[in-house]
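Summary of structural features
If you want the building blocks of each chain, they are given just below.
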Amino acid sequence: MERFGSVEFADIRFTKRENEIKQNSDNNTIENNMTKEADEHTALKPKYETFDDMLPCVGDFGRYQWLIMLSLIPFSVSYAVLYFAQFFLTLVPQEHWCKIDELQNFTIENRIIAGIPRLNEYPYYDTCHRKDLNFTNLLKINKNFHSSLWKTNRTIPCERWEYNFTQIPYASIGAELDWVCERSYLISTAQAIFFCGSIIGGFLFGWIADHKGRIPAVVYCNIAALIATIASANTGAFWSFAICRFFSGFAFDNVINIPLIIVMEYVAVKRRTMVVNVAFGVYFAIASTAIPWIAYYVANWRYFAYVISVPFFLSLVTPWILPESARWFISNGKIDQVLMKLRKIAKINGMNPHPRVYEIFTLNVKAAYKEKESATLLHLFKTPRLAKNIILLVALWTLTVIAFDGHVYSLKLLKTSVFVSFSLACATELPAGLLLTLLLDRWGRRFCAFITMTLTMLFSYAELILVHDTAVLTMSVLARFCLNMAANVGLQYAAELLPTPVRAQGIALIHIFGICAHSVAPYVTDTAVFWTGMPMAIIGTVSLICAILALFLPETTGRHLPQTLEQGENFGKDQKFWSLPCCGSDNKY
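Given the structure is predicted, the values throughout are model-derived calculations rather than measurements.

The subject of this paragraph is the state of the cysteines. Any covalent bond linking the sulfur atoms of two cysteines counts as a disulfide. Overall, the coordinates contain 2 disulfides when judged by the stated rule. Note on cysteine connectivity: Cys-98 is disulfide-linked to Cys-158, with sulfurs 1.4 Å apart. Because the sign of the S-S torsion sets the handedness, a value of about -75° for the bond joining Cys-98 and Cys-158 places this disulfide among the left-handed ones. With Cys-98 in strand S1 (residues 96-98) and Cys-158 in the loop between strand S3 (155-157) and strand S4 (161-163), this pair connects stretches of sequence that are 60 residues apart. Grouping residues by exposure puts Cys-98 and Cys-158 together as buried.

Look at helix H9 (residues 214-232) against helix H10 (residues 238-248): their axes get within 8 Å of each other, and the N-to-C directions meet at 160°. Classified by the angle between their axes, H9 and H10 sit roughly antiparallel to one another. Judged by the twist between their axes, the crossing of H9 over H10 is left-handed. For the pair H9 and H10, the contacting residues are Ala-224, Ala-225, Ala-228, Thr-229, Ala-231 and Ser-232 in the first and Phe-241, Cys-244, Arg-245, Phe-247 and Ser-248 in the second. Grouping the amino acids of the contact of H9 with H10 by side-chain chemistry returns 7 nonpolar, 3 polar and 1 charged.

Here the focus is the environment of Asp-53. Checked against the element boundaries, Asp-53 lands in helix H2 (residues 51-58). Put simply, Asp-53 and Phe-361 are 308 residues apart on the chain and 8.8 Å apart in space, counted from C-alpha to C-alpha.

In this section: the packing of aromatic side chains. One pass over the structure, following the stated rule, counts 39 aromatic pairs. Look at Trp-97 and Tyr-125: their rings are 6.0 Å apart centre to centre, the planes differ by 85°, and that puts the pair in the edge-to-face class. Linking Trp-97 in strand S1 with Tyr-125 in the loop between helix H5 (108-115) and strand S2 (129-131), this pair joins segments that are 28 residues apart in sequence. With respect to burial, Trp-97 and Tyr-125 carry one shared label: buried. Sitting over the ring of Tyr-358, Arg-343 keeps its end group 4.5 Å from the ring centre.

Among all positions of H2, only Phe-51, Met-54, Leu-55, Cys-57 and Val-58 are buried. Each buried residue of H2 lies within a common arc of 160° when the element is viewed along its axis, so the set occupies one face. Downstream of H2 by one or two residues, Gly-59 has phi in the positive range, about 105°.

What follows deals with a nonpolar patch on the surface. Taken together, Val-310, Phe-313, Leu-314, Leu-316, Val-317, Trp-320 and Ile-321 make up a surface patch of nonpolar side chains, about 690 Å² in accessible area. Sorting the residues of the nonpolar patch by element identifies helix H14 (310-313) and helix H15 (318-321) as the ones contributing at least two each. By the element assignment, Val-317 lies in the loop between H14 and H15. Residue class for Val-317 comes out partly exposed when judged on its relative accessible area of 36%.

It is worth spelling out the pattern of salt bridges at this point. Tallied over the full model, the rule gives 6 salt bridges. Among the salt bridges present, the one from Glu-162 reaches Arg-111, with a minimum N-O distance of 2.8 Å. Here Glu-162, found in strand S4, pairs with Arg-111, found in helix H5; they are 51 residues apart in sequence, far enough to count as distant. Summarising the burial analysis for this pair, Glu-162 and Arg-111 share the class buried. Between Arg-302 and Glu-176 there is a salt bridge, with its nearest N and O atoms 3.4 Å apart. With a gap of 126 residues between them, Arg-302 in helix H13 (residues 301-308) and Glu-176 in helix H7 (residues 173-176) connect regions that are remote in the sequence.

Over the atoms, a rolled probe matching the size of one water molecule traces out where space is still vacant. Scanning the entire structure with this criterion turns up 2 cavities of 30 Å³ or more. When contributions to the lining of the largest cavity are tallied by element, the ones reaching two or more residues are helix H8 (185-211) and helix H25 (522-526). With 3 residues, the single largest contributor to the lining of the largest cavity is H8. Tallied by class, the residues present in the lining of the largest cavity amount to 5 nonpolar, 4 polar and 1 charged. Approximately 40 Å³ is the volume found for the second largest cavity. If you trace the second largest cavity, you find it lined by Leu-396, Thr-400, Ala-449, Met-453, Ala-486, Val-489, Gly-490 and Cys-546. Sorting the residues of the lining of the second largest cavity by element identifies helix H19 (384-410), helix H22 (445-465) and helix H23 (469-497) as the ones contributing at least two each. The leading source of residues in the lining of the second largest cavity is H23, at 3 residues. Taken together, the residues that form the lining of the second largest cavity break down as 6 nonpolar, 2 polar and no charged.

As a further point, take the layout of surface pockets. In this structure, the second largest pocket encloses a volume near 1,400 Å³. Mapped by element, the contributors of at least two residues to the lining of the second largest pocket are H22, H23, H25 and helix H26 (534-550). Among the elements that line the lining of the second largest pocket, the one with the most residues is H23, at 3 residues. Partitioning the lining of the second largest pocket into residue classes produces 25 nonpolar, 11 polar and 7 charged.

This part takes up the nonpolar core. The biggest cluster of nonpolar side chains holds 168 residues, and the ones touching the most others in it are Phe-88, Trp-150, Leu-342 and Phe-361. Among the elements that make up this core, the one with the highest residue count is H19 (14 residues). Membership of the second largest hydrophobic core comes to 5 residues, among which are Phe-459, Ala-462, Ala-479 and Cys-482.

Once that is clear, we can look at the confidence of the model for the chain. Mean pLDDT over the chain: 83, with 86% of residues reaching 70 or higher. Counted against residues more than four places away or in other chains, residues 1-46, with its pLDDT under 50, gives 9 contacts.

Right, let's get into the packing of helix H20 (residues 418-426) against H23. At a minimum axis distance of 8 Å, the contact between H20 and H23 shows a crossing angle of 35°. The hand of the H20/H23 crossing is right-handed. Packed against H20, whose contacting residues are Ser-421, Leu-424, Ala-425 and Cys-426, the element H23 presents Leu-473, Val-477, Arg-480 and Asn-484 at the interface. By residue class, the composition of the contact of H20 with H23 is 5 nonpolar, 2 polar and 1 charged.

The rules behind the values
Residues numbered from 1 in each chain as written. Predicted model: local features only at pLDDT ≥ 70, side-chain atom pairs only at ≥ 80, totals over all residues. Heavy atoms only, no water. Disulfide = S-S within 2.5 Å. Helix = DSSP H or I, 4+ residues; strand = E, 2+ residues; numbered from the N terminus. Buried < 20%, exposed > 50% of the residue type's maximum accessible area, 1.4 Å probe, protein only. Axes fitted to C-alpha atoms, helices over the stretch in contact; angles between N-to-C directions. Parallel < 35°, antiparallel > 145°, perpendicular 65-115°, else oblique. Left-handed = near helix turned anticlockwise from the far one by under 90°. Contact = heavy atoms within 4.5 Å. Nonpolar A, V, L, I, M, F, W, Y, C, P; charged D, E, K, R; others polar. Phe/Tyr/Trp six-rings, centres within 6.5 Å; stacked < 30°, edge-to-face > 60°. Lys NZ or Arg CZ within 6 Å of the ring centre and 35° of its normal. Arc of directions from axis to C-beta. Patch = residues over 30% accessible without salt bridge, like charges linked within 9 Å, V, L, I, M, F, W, Y side chains within 5 Å. Areas by Shrake-Rupley, 256 points an atom, 1.4 Å probe, with all protein chains shown as cover. Salt bridge = Lys/Arg side-chain N within 4 Å of Asp/Glu carboxyl O. 1 Å grid on protein atoms, 1.4 Å probe; cavity = no way out; pocket = protein on both sides within 12 Å on 5 of 7 lines; lining within 4 Å. Points joined across faces, edges and corners; volume = space filled by probe spheres on them. Core = buried A, V, L, I, M, F, W, Y, C linked by side-chain atoms within 4.5 Å. pLDDT = per-residue confidence, 0-100.

In structure tokens, the structure reads:
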């Protein structure tokens, strides 16, 4: 019994030892697994911290990306409508003269000969004054308008006007309400009020985009533009029209900027320049080229307003054609929504990433967004080089906008058909974008900004010298071609030069000054009342100043973007003033 008991005790000890060995083995296995997982986590961490890191796993330029690039079409069209439609809503023929009731039974030519003073410049008669004669008595005495009785040096201002609708086949609101001569400033003022609405809309829809989501902001700004555009078609006075255009201006910029940023988030980084060129070089160019001919063939400014409101209707289907911003989901802690979106992209693109990738991304994404340097807009002005750069960027963009919009509005001053000249100018968007894509990384941002604005200056001054209508139109189109490239350089320069912590705030500041420039630019055309060449003289001078200022900015081509305020302050210190990327000066930061 004792022996048997000893054996039993020995078996118990053996079993216990076996269990200990097994447990240690299990612990080692768990430890190994944990070490392996930790190593895997460490290895995957730098690859799957951000949404950009995840895109290659689900496809960063596949079928899904092509579909959302197509979804930019209605928003690019809406932006073109907002930018250029008011030009045709208020367009007034250059050939207008005082309406004299007593002469209405005669031909246009005889009415002008009889009642309007002659001038030596186009349209070769006074558009704002009429002869101070008693036309009723003269018609009873002598109907020979070439006789001395019909000649006088005395003139009085017009009270009402007649218009030659040969080139412009409809009466815009500007023609209906006689926004000419001393009242011509009302056209520019209505345009300025539109851009003032853009400033308010930027803050309003910016807040909605941050707190409610990018898609709701896009929907609401399109609805605002839709209602205001339709309402403007039913106005009959300056202030009612201007107020409607003010609310239409709420959507300006937001209607394209938000969708464009969203689409760029879902596309490979190296393909984002292509997205911008497609949106502006193709969609925007086609829409802006078509707008004048829509106005021409509709031939009624009220019906035209109804037609151009159609693209805004597409805001109702925005949630079905455009995804919500992935970064907005992440910044608001909605990681599940991001994962759903990633799986949808993978499915459409035919990708099948390992499930472990999603888990690692979920673990890393929160930590990746915690390590950010906080800064305010004031930090841009606390150090000398950063302050210099932001002031130069503001000045560069402001002057570029004045030159660009000034050329747009000056097209109505040309003797050629405004519809033809406007279409030709807008058609330069695509070739300008393609050429800039080829040159920008070779010649650099600074030199491209300098050469495009210098050429704009030369073409603008050439318009003052040339006499032939075709030659003047050619110079105007070439100037617009250069301005298209200069504007694209200006947009890219700010995004690359400002340090990450204040990049968004700095771009917003530049945008505000740009809107102010949009508001001022229409008045450049109004200076033609003092001298017909003054608008081009102003635009040429502004372009020259802009070209010179561009030379004082550091080159960003081939250099890493500044990630901190310190890097932003030191950016470009090692560059020489005349260094160019095409000459081998490609020192990277």
